[in-house]
Amino acid sequence: MRMILHKLYLLAILILLVLGINSPSPAKNADLEIRASRVIIIDLGGLTIEEIKNYPFYNLRKIIREGSIGLMNTSTAGPRTRENGFITIGSGITSQWGNASPLIYSTSDLYNGEKAGRIYERLVGETPHNGGGVVLDIAQSSKKVRNSEKRHWGRLGNILNENGLSSVFIGNSGYMGLVQNQMALMFMDSTGRIPAAYFDTISEMDLGPLSYISDYNRIHSIFKNSSNASVIGVDLGDWNRLHLVQEMADEKQFQKTKNDIVQLQDSFLSDLIQDLDPNKDLLIILSPAPTREQNRLRNLMVPIILWGKGVEPGLLTSASTRREGIVSNIDILPTIISSLNLDSKHHFIGRPVTSQMVGYETLDYLADMNHTMQFIYNTRPTLVKGYISLQIITLSAAMIMMLFIPRLLLYLRLPLLFLMSIPFGLLLVGLVPTTSLFAYTTTCLFLTLGLLSVSLLLEMLLKTKKYNHSLSPFILIGLFTSAAILIDLYMGAQLIKKSTLGYDPLAGARYYGIGNEFVGVLIGSSIIGISGLLDRFKDNKYVLGISSVYLLVVVYLIASPTWGSNLGGTIAAVVGFSYLIHQLFLERLTIFQVAAAGAFGIACVLSLAVIDSMRDASLQSHFGRTASMVLVEGIQPVYEIIVRKIGMNIKLFRYTIWSRVFLLAMAALIVAFFKPIYLIQKLKASFSQIYHGLYAIILASIAALLVNDSGIVAAATMLIYAVAPLLYLGGRLYNNEKIVQ
């Protein structure tokens, strides 16, 4: 046995080395080696990629051709509003503002009959800057949010102050009783002070439903006089103001006014570009959040455009997303700081945006990609809730049968096999490019039934006089599903990215690797498939060795920052696989062995974090970046992560439909342990490895629930691979059928 173990480990090391050698290298992007003299940020107020294509933005499209464009995620710690978007961009970490609308004024503006600067000084106890701006409600807003959501408020302002650099914000005054200077939140310091602010850039002029519009000549004049500022922010205002009155305006009048504003802003951009030096200045054009209309349509990505120093024509990306054409809003602050050559002094979770040259039309490509992502985001609730509802119905029926009419359990075979096959269909449907709900659902159903049919056909072909394994279809579905996910993960998770069961860039939680839904499927299907294979080929040392190496490869790909990058999934896989492998080689499990395995696992995780944090910033995963922050900021980020994960798990357990599946599956397992009373004993006697696999899945699901911020999802998707075969075996026993020959 020791010789087998020795050969096994050597083979595992060899495979992992081969995987490491062949690991995909990061795309050769043109790094924004920007040592810009100035960074200029223009807010276009929720402009979409489709609007850039369809409206006469001639000068803006010229800027795009000369620069680079991408789609930016707009997730914050709260709703996707302008104030939350800008406070997140300025903090470099997902944040939110406490009030519905910030009270931001010039120090000389009157608020309730008194100068805003004086009010601020009395409220906050700090002296405002002459000619600057103040956030009057910073203390009030701070009291309404958690510490983790405000810890880095004003980070851009603080960094510029610390390094003796200046900034200027050019915004608009109130309109129709509203204060619309949310962009100033990006430029404030931690006390709510803006060094230089100009809000007198609005003129009284009728333009469709608007009675005030931005004074573009005034904005341009202020900009030209701010040449000494390192960072300049410009809020053009009109696009956002128009959307505020959209519901009150006639549609034709609304569209006509849109075209008028497009011409005004496009002309302004043309004039602005003339005052910029592409060899020294960096221009960033973005929106902090989608408009209310786009929020309603769930079109949550906004375009971001970079032009100037270090930017090559093409698409934008970043090490945070590792997705061509997609960046995160927390990448903007690192980009600004890097452009000013200050990045070596500061550490961020986000990473500087980079440009990548491509050989196709970027606007068309991004519009198509945005449409696909929007389709997946909008389709996910329908298909995933449908899948979950099928599980709830089937498990509820199984519970009723077990308690009252257990002989009918046998007739749940096809529904149970169907449930196990659905993740396979939801994965491979990504091979068919479609944004039609009917076509997407039909293709998924066809693939699911295809896997089910193949498993039943192979069961008949593999059946012999000496071997008739009643769980063969369950085992085959597990093996096919596990192999499909593993292959896709190694190829860059291209299918996972297009699956409604995968993660979603619009949600902003994950952009690469493997998400919790599929990590649960991968672990559960791998365990049931491998344990069933070992039952079929008992005492075959080659099958034993290959199976053990396969499980090690699964763990490696889930853990690797290059492929899976899922820490919680890694821990769950290690717990489940370790138990299964332990039962293959040792008869008893001692407390010492459990403690030793736990210590070894913790050491491996910490080593992975340290190694990842020491890699080049462009190669680090979010786990490695967090480790880097811990080295700089201490234990506080770890504490906040733990609190966030616990809070997320509690929230999901209370509100997500996945918790119903998890509880029903656990209830079915508990009942099956006692009804029929000999089921577990029969399982152990006839399928000793599947018996251990059952426990391995349960242990892995509990581990996933405890260590992941959405562990309930991974645990729920995992348990179906334990419950389904167990319920079917119960049905056979109740009908006095042989479960193995």
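Described below are features of the structure shown in this document.

Criteria and cut-off values
Residues numbered from 1 in each chain as written. Predicted model: local features only at pLDDT ≥ 70, side-chain atom pairs only at ≥ 80, totals over all residues. Heavy atoms only, no water. Axes fitted to C-alpha atoms, helices over the stretch in contact; angles between N-to-C directions. Helix = DSSP H or I, 4+ residues; strand = E, 2+ residues; numbered from the N terminus. Parallel < 35°, antiparallel > 145°, perpendicular 65-115°, else oblique. Left-handed = near helix turned anticlockwise from the far one by under 90°. Contact = heavy atoms within 4.5 Å. Nonpolar A, V, L, I, M, F, W, Y, C, P; charged D, E, K, R; others polar. Patch = residues over 30% accessible without salt bridge, like charges linked within 9 Å, V, L, I, M, F, W, Y side chains within 5 Å. Areas by Shrake-Rupley, 256 points an atom, 1.4 Å probe, with all protein chains shown as cover. Salt bridge = Lys/Arg side-chain N within 4 Å of Asp/Glu carboxyl O. Buried < 20%, exposed > 50% of the residue type's maximum accessible area, 1.4 Å probe, protein only. Phe/Tyr/Trp six-rings, centres within 6.5 Å; stacked < 30°, edge-to-face > 60°. Lys NZ or Arg CZ within 6 Å of the ring centre and 35° of its normal.

## Observations regarding the packing of helix H18 (residues 516–536) against helix H26 (residues 688–707)
Two elements in contact, H18 and H26, have axes separated by 8 Å at closest approach and are oriented at 165 degrees. Relative to H26, H18 is oriented roughly antiparallel. Note that H18 runs across H26; the crossing there is right-handed. Across the interface between the two elements, Ile523, Gly524, Ile527, Ile528, Ser531, Gly532, Leu534 and Asp535 from H18 touch Ser688, Gln689, Ile690, Gly693, Ala696, Ile697 and Ala700 from H26. A per-class count over the contact of H18 with H26 returns eight nonpolar, six polar and one charged.

## Regarding a nonpolar patch on the surface
A grouping of Ile400, Leu403, Phe404, Ile405, Leu408 and Tyr411 is seen on the molecular surface, where their side chains present a nonpolar patch of about 660 Å² in accessible area. Take Leu408: it is sitting in the loop between helix H13 (362–403) and helix H14 (413–428). Take Leu408: its relative accessible area is 35%, and that puts it in the partly exposed class.

## A few points about the packing of aromatic side chains
Note on aromatic pairs: each is described by the distance of the centres and the angle between the planes. Tallied over the entire structure, the rule returns 13 aromatic pairs. Ring geometry for Phe57 and Trp239: centres 6.2 Å apart, planes at 55 degrees, overall tilted. A residue pair is termed long-range when its members are at least 10 positions apart, and Phe57 in the loop between helix H2 (49–54) and helix H3 (58–66) and Trp239 in helix H9 (residues 238–244) qualify at 182 residues. For the pair shown, Phe57 and Trp239 are each scored as buried. Here Tyr105 and Tyr111 contribute two aromatic rings whose centre-to-centre distance is 5.2 Å and whose plane-to-plane angle is 50 degrees, an arrangement assigned as tilted. A residue is classified by how much of its surface remains accessible, and Tyr105, at 15% relative accessible area, is buried. Tyr111 gets classed as partly exposed once you look at its relative accessible area, which sits at 23%. Taking NZ or CZ as reference, Arg322 lies 4.1 Å from the ring centre of Tyr512, over its face. Taking NZ or CZ as reference, Arg536 lies 4.8 Å from the ring centre of Phe537, over its face.

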